[in-house]
Amino acid sequence: MFGSFRLATLGLVAALTSTNAFAPSKSFVVRTQTLRQSTATEEAAEVNDNVSQTQDTSREKVMTFSYDMSMEEKYEKPTYPGTGNGLSGDAGEYDIIVIGSGMGGLSCAALSAKYGSKVLCLESHIKVGGSAHTFSRMHNGGKYSFEVGPSIFEGLDRPSLNPLRMIFDILEETMPVETYKGLGFWTPEGYWRFPIGTKKGFEELLMEQCGEDGPKAIREWNALCDRLKTLGGSTTAVALLNLRQDPGFLSTTAGALPFVVQNPDVFADLPLTFDDLSKTVDEIVTVPFVRNFIDLMCIFCGFPAKGAMTAHILYILERFFEESAAFSVPIGGTSQLGETIQRGLEKFGGKLQLNAHVEEIIVEDGRATGVRLKNGNIVKARKAVVSNATPFNTVKMMPKNEGEPKALTKWRDDLSTLPRHGAISHLFLGVDAEGLDLSHIKDPAHLIVQDWDRSMQDSQNLCSFFIPSLLDKTVCPEGKHVIHVYSSGGEPYEPWEKLQPGTEEYEEYKKERVEVLFKAVERCIPDIRDRLEFTIIGSPLAHEAFLRRDRGTYGMAWAAGTSAPQAGILGKFLPFPFPNLKTPVDGLLRCGDSCFPGIGTPSAAASGAIAANTMTHVDNHLQLLKEASQKDPLYKFLDPGFMGQVYKHLVQGFTPSEELRSERFASGSGVAPVDYTAKNAERDAAASSE
């Protein structure tokens, strides 16, 4: 979603330089819970904490959910038709193995292939894209396609600072879209629309919604913009795609040095970049409407302003009021995001294997050397394994071994107990559009708030609906509409795991929990229930199964303000709320929405790019940045130019870092990059001659 890729990039640079689809199969087995190293009392306390916080939410409450994966319940999860059995995948050997084809995994795999590595991306599902995929339902001879995850994207229609669009352009792949210029909001005050691409339009909205406080609202908004202006300006000084996690970053981000020299106050703002946004908002903003608006703009990262990084608002402040700003609807559904990157992956010789579930990450002598698939086949990795799975799913693939290093045990324990956001409930509607007048709305994307005094994370208070068929006529038959309604990521999982799919109790609970979603759509389409062709309810159990996310979680939930466990060196100096993408295991990296820069498709894609950059020689990275800078004038700043070459000679011998080198060349200045394309060609030629 658009709200999650706000660029905190310069903060990192400066810091481092300064030091039916949803019906379960009948084979479902009733679950029994046998906990290891736990008592009934401990389990009950944990469950009560998770559930009780959702029963009486307040605006000031920051909601997170906690589980201890070392006390993982032993039961068979429900299986759903259309998700695959995970039994595909051949044995083999590659330079890099990527687990998961979400935006992070696909971006990492595709860019690694472009860098010349022989890459295999393994996906447990039968569809590519992670949360960004679609499913279809046939009804009366017509095909209806639905989104299952993100639906709000800015900057995909043109070259932009959206890292997902940058990756498309680097891979030289295109994705057709239709655009729209606003978001609809249904709040206790009624309907209003946030227009993007016009500062004047936003100021008119403030005057309209704030009454006599209108001028004050404009002043406070402008004051917030001024306070964060230096950090916001960093979005065109250096991009997320410039980053890597080794000394090579000194070279690839050297283009930002003039900005740092001209804006030395950026150093004083470094902690602010990653700190809790509400601290700044509380100092400047008092008008309730503006405070509510800021919370809603942040909620796509999982938190309102309280809990969100300041970085999450920067892109909005800098870009949403430019005339060219627009939201995009991918023609054919959000599955096109993954399919577009997949084309790039395969164009550069990479391979994607669907329905191939990874059972275990193989670690030998402290190094990740490959993976064991569910079907028993072993795939070897010469250079690295990258997990795009959630941290909770990743640790499941790494069983504890007797005598393992203490650092690995602590890392596993830290990741397994990270707080997380709750699950999501879905409502998918096929609608008869005959005689339906939607002229009162201009946009397909809408957010609904029931009560400003309740938490934005409360799944019974905040939800969203999306009508892609307003702009994309390919997703349903003529004269029909498809609507995806989904809750915020605060749905408690515990009540669901006690139910057996297919039972009357389960079906009734589904209807009870999505009633608020129906009522949300009724605010826009009062007779929606009379127009229904069919309804599909997606519970957190279905969300978990289809999106391969433990307990259906929206993602990791480390609130801004303090450093997350395993945050690395940066966490010692700044409140960095993400675990490191590197791990205590040589040759094992992570990417995805639990890594910097966080939740959302653009952010996840950026994390994959950072992982790919980290695994290649700095010279390869510089070449890619130079190539990208020539694709559009907006991208010119990506190339660090002369200063990048100066620093390259100082750092190239240390890239990639030693634990990622499959070719053990000597360290030191002047070391040339490994030509993986040539080496793989030699291997293939040798193999074919045998």
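Scroll up a little and you will see the structure.
Predicted model only: the values in this text are computed from it and were never measured. Along each chain, residues carry numbers from 1 onward, in the same order as the chain's sequence is written. Confidence filtering applies because this is a predicted model: local features only for residues at pLDDT of at least 70, side-chain atom pairs given and counted only at 80 or more, and all residues used for totals across whole chains, interfaces and linings. Heavy atoms throughout the structure, all of them, feed into the side-chain values; hydrogens and water do not.

Caption draft 1: Spotlight on helix α12 (residues 288–298). With a 1.4 Å probe rolled over the protein chains alone, any residue whose accessible area is under 20% of its type maximum counts as buried; one over 50% counts as exposed, and the rest are partly exposed. Helix numbering and strand numbering both begin at the N terminus, where a helix is a DSSP run of H or I of at least 4 residues and a strand a DSSP run of E of at least 2. Summarising burial for α12: nine of the eleven residues are buried, a large majority. Where α12 is concerned, the buried positions are F289, V290, N292, F293, I294, D295, L296, M297 and C298.

Caption draft 2: Quick look at the nonpolar core. What makes a nonpolar core is a set of buried Ala, Val, Leu, Ile, Met, Phe, Trp, Tyr and Cys residues whose side-chain atoms join them at distances within 4.5 Å. One finds M103, F194, W221, I294, I313, L337 and V371 to be the most contacted residues of the largest nonpolar core, which totals 147 residues. Sequence-distant contacts of L337, defined by excluding residues within four places in its chain, comprise M103, A132, F153, L156, L164, F168, M175 and P330. By size, the runner-up hydrophobic cluster in this structure holds 24 residues, among which are V431, C463, C524 and I525. Note on definitions: a residue-residue contact is assigned when non-hydrogen atoms from the two residues lie within 4.5 Å.

Caption draft 3: Layout of the sheet that holds strand β18 (residues 532–538). A pair of strands is labelled paired if DSSP reports no fewer than 2 bridges between them. With mixed pairing, seven strands are arranged side by side in an open sheet as β8-β7-β15-β16-β17-β14-β18. The sheet is open, and its two edges are formed by β8 (190–195) and β18, each paired on a single side. Pairs of neighbouring strands in the sheet enclose a mean axial angle of 20°, with direction left out of account. Pairing of strand β14 (residues 426–432) with strand β17 (residues 480–487), which is carried by seven bridges, proceeds in the antiparallel orientation. Of the residues in β17, the one forming a bridge with V431 is H481. Here, axes are lines fitted to C-alpha atoms. For helices the fit covers the stretch in contact, and angles between N-to-C directions go from 0 to 180 degrees.

Caption draft 4: Summary view of the pairing of strand β9 (residues 327–330). Of the two faces of β9, the one lined by F327 and V329 and the one lined by S328 and P330 are each fully buried. As paired elements, strand β5 (residues 153–154) and β9 share two bridges and run antiparallel to each other. Along β9, the bridge assignment pairs F153 with S328.

Caption draft 5: Inspection of a nonpolar patch on the surface at higher detail. Patch members must show over 30% relative accessible area and no salt bridge, and they are joined within 9 Å when carrying like charges or within 5 Å when they are nonpolar side chains of Val, Leu, Ile, Met, Phe, Trp or Tyr. Note on areas: Shrake-Rupley, 1.4 Å probe, and residue coverage restricted to the protein chains presented here. By definition here, a salt bridge exists when the distance from a side-chain nitrogen of Lys or Arg to a carboxyl oxygen of Asp or Glu is within 4 Å. A surface patch of nonpolar side chains, amounting to about 290 Å² of accessible area, comprises F642, M643 and V646. Summarising the element assignment, M643 is placed in helix α23 (residues 641–651).

Caption draft 6: Highlighting the pairing of strand β13 (residues 378–387). Of all ten residues that make up β13, eight are buried, and the element is covered over most of its length. Summarising the sheet, strand β1 (residues 92–99) and β13 pair through seven bridges and their orientation is parallel. The residue bridging Y94 from the neighbouring strand is A381, located in β13. Relative to β13, strand β12 (residues 367–373) runs antiparallel, the two being bridged by three bridges. Paired with R372 across the strands is I378, a residue of β13. Here β13 runs beside strand β19 (residues 588–590); their pairing, made up of three bridges, is parallel. Within β19, the position partnered with V385 by the bridge is L588.

Caption draft 7: Spotlight on the side chain of S464. Take S464: it is sitting in strand β16 (residues 462–466). Only 2.8 Å separates the side chain of S464 from the backbone oxygen of H446, close enough to count as a polar contact. The residues contacting S464, other than those within four sequence positions of it, are H446, L447, I448, H484, V485 and Y486. In the analysis that follows, any N or O atom pair within 3.5 Å is treated as a polar contact, provided that within protein one partner can donate a hydrogen and the other can accept it, and provided that, for residues neighboring in sequence, both atoms belong to side chains.

Caption draft 8: Representation of unusual backbone geometry within the structure. For the bond running from F596 to P597, omega is 10°, close enough to zero to count as cis. Following the sequence through the fold, P597 ends up in the loop between β19 and α21 (601–614). Here the bond from T655 into P656 is cis, since omega is -15°, no more than 30 degrees from zero. Positive phi, close to 60°, is recorded for E172, a residue that is not glycine. Assignment of secondary structure puts E172 in the loop between α4 (163–170) and β6 (177–180).

Caption draft 9: Structural view of the packing of aromatic side chains. Paired rings are identified among Phe, Tyr and Trp, the last through its six-membered ring, by centres lying within 6.5 Å, and are further divided according to the angle between planes into stacked (under 30 degrees), edge-to-face (over 60) and tilted (the rest). Per the counting criterion, the structure on display carries 27 aromatic pairs. Look at F202 and F321: their rings are 5.2 Å apart centre to centre, the planes differ by 50°, and that puts the pair in the tilted class. In this pair, F202 sits in helix α5 (residues 199–210) while F321 sits in the loop between α13 (311–319) and β9, placing the two residues 119 residues apart along the sequence. Of the two residues examined, F202 and F321, each falls in the buried class. Here Y315 and F320 contribute two aromatic rings whose centre-to-centre distance is 6.0 Å and whose plane-to-plane angle is 85°, an arrangement assigned as edge-to-face. Pair check on accessibility: Y315 and F320 agree, each one buried. Grouped by ring-pair contacts, the aromatic residues Y180, F194, F202, W221, F293, Y315, F320, F321 and F327 constitute a single cluster.

Caption draft 10: Region of the structure containing the pattern of salt bridges. Within the structure shown, the criterion is met by 35 salt bridges. Of the charged contacts in the structure, one is a salt bridge between R343 and E173, with a shortest N-O distance of 3.2 Å. Remark: E173 occurs in the loop between α4 and β6 and R343 occurs in helix α14 (residues 335–347); sequence separation between them is 170 residues. Using a relative accessible area of 35% as the deciding quantity, one classes R343 as partly exposed. Residue E173 is classed as buried on the basis of its relative accessible area of 13%. Two residues, R291 and D282, come together in a salt bridge whose shortest N-O distance is 2.8 Å.

Caption draft 11: Empty space enclosed by the protein, seen in detail. A cavity here means a set of 1 Å grid points, computed over protein atoms only, where a 1.4 Å probe fits but cannot escape. A pocket is an open set with protein on both sides within 12 Å along at least 5 of 7 lines, and lining residues have an atom within 4 Å of a point. Grid points are joined across faces, edges and corners, and a volume is the space filled by probe spheres set on the points. Empty space within the largest cavity amounts to approximately 190 Å³. If you go around the largest cavity, you meet 17 residues; those closest to its centre are I299, S487, S488, G489 and Y554. At the level of secondary structure, the elements contributing two or more residues to the lining of the largest cavity comprise β16 and β17. When residues of the lining of the largest cavity are assigned to their parent elements, the largest contribution, three residues, is made by β16. In the scheme used here, Gly and all other residues not listed as nonpolar or charged are polar, with Ala, Val, Leu, Ile, Met, Phe, Trp, Tyr, Cys and Pro taken as nonpolar and Asp, Glu, Lys and Arg as charged. Of the residues that constitute the lining of the largest cavity, the class distribution is ten nonpolar, seven polar and no charged. There is about 130 Å³ of room inside the second largest cavity.

Caption draft 12: Expanded view of the environment of D586. Of note, D586 is situated in the loop between α20 (570–573) and β19. Look at D586 and you get partly exposed, because its relative accessible area is 31%. Sequence separation between D586 and R367 is 219 residues, and the spatial gap between their C-alpha atoms is 4.5 Å. D586 has contacts with G366, R367, A368 and E659, leaving out every residue within four places of it along the chain.

Caption draft 13: Here's a closer look at the sheet that holds β6. Judged by pairing direction, the sheet is antiparallel, and its three strands sit side by side in the order β5-β9-β6 without closing on themselves. Looking at strand neighbours, the two that pair on one side only are β5 and β6, the edges of this open sheet. Here β6 runs beside β9; their pairing, made up of four bridges, is antiparallel. Counterpart to V177 in the pairing with β9 is P330.

Caption draft 14: Quick peek at helix α3 (residues 103–114). Helix length check: α3, at twelve residues, gives a terminal C-alpha distance of 16 Å against a target of 16 Å (1.5 Å per residue), a fit within 8%. Counting buried residues in α3 gives eleven out of twelve residues, a clear majority hidden from the surface. The complete set of buried residues in α3 reads M103, G104, G105, L106, S107, C108, A109, A110, L111, S112 and A113. G116 sits one or two residues past α3 and shows a positive phi near 110°. What a helix is expected to span follows from its residue count: subtract one and scale by 1.5 Å.

Fair warning: the whole summary comes from geometry, so function is off the table for now.
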